[in-house]
Amino acid sequence: MLFSDFSDNGPMWAGSGPREVRKQVAFPQPFTSEPHVQVAISLWDMDSKTNVRMDLSAESITETHFTIVFRTWGDTRLARIRVEWTAIGEVSDDDAWDVG
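Residues numbered from 1 in each chain as written. Predicted model: local features only at pLDDT ≥ 70, side-chain atom pairs only at ≥ 80, totals over all residues. Heavy atoms only, no water.

> I would appreciate a short explanation of the side chain of Thr72 in the present structure.
Checked against the element boundaries, Thr72 lands in strand E5 (residues 65–72). At 2.5 Å, the side chain of Thr72 forms a polar contact with the backbone oxygen of Arg53. Discounting residues that sit within four places of it in the chain, Thr72 has contacts with Met12, Gly17, Pro18, Arg19, Arg53 and Leu78. (Helix = DSSP H or I, 4+ residues; strand = E, 2+ residues; numbered from the N terminus. Polar contact = N/O pair within 3.5 Å; in protein donor to acceptor, adjacent residues only side chain to side chain. Contact = heavy atoms within 4.5 Å.)

> I tried to follow the pattern of salt bridges on my own but got confused; where do I start?
Oppositely charged side chains may form a pair once their charged atoms are brought near each other. This structure, assessed with the given rule, holds 8 salt bridges. Among the salt bridges present, the one from Arg71 reaches Glu20, with a minimum N-O distance of 2.8 Å. Here Arg71, found in strand E5, pairs with Glu20, found in strand E2 (residues 19–26); they are 51 residues apart in sequence, far enough to count as distant. Accessibility expressed as a relative area gives 41% for Glu20, which makes it partly exposed. A salt bridge links Asp47 to Arg77, with the nearest nitrogen and oxygen atoms 2.9 Å apart. (Salt bridge = Lys/Arg side-chain N within 4 Å of Asp/Glu carboxyl O. Buried < 20%, exposed > 50% of the residue type's maximum accessible area, 1.4 Å probe, protein only.)

> Could you clarify how one ought to interpret unusual backbone geometry in this entry?
In terms of backbone geometry, most residues other than glycine have negative phi values and most peptide bonds are trans. In this structure, Asn9 is a non-glycine residue whose phi angle is positive, near 55°. One can find Asn9 in the loop between strand E1 (3–4) and helix H1 (11–14).

This is how it looks when you write it as C-alpha cells:
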C-alpha cells in the first residue's frame, strides 16, 4: 500500500492542490547496472464526486533501489492507492536469475 489516507483524514483524502507521496523501494538483490522499472496502480479507492488526477512514476533508479512517486492535484480525493512494480535488468551471470 503506497498510502491509505481515508481513515486518518490524510492529505490525499482531505487536502487539495498539489500533493505528492514518495516511497523508496529496495531491490531484493542488486542489479549489475541500472534496471528498467515499471510501476502500475493495482488498487485505487477514490471519491466519486471529484475528478481523478494522478501521475505515477519511478525516479532515482539505481542498481539497489528506486523511488515510487505519486502525484495528484486540484480537488482529487484519494482514499488508498496500492502500487506494484517490476524491474528488469542485467544480473551477474545467466544462473543468477530468480523469477520467483
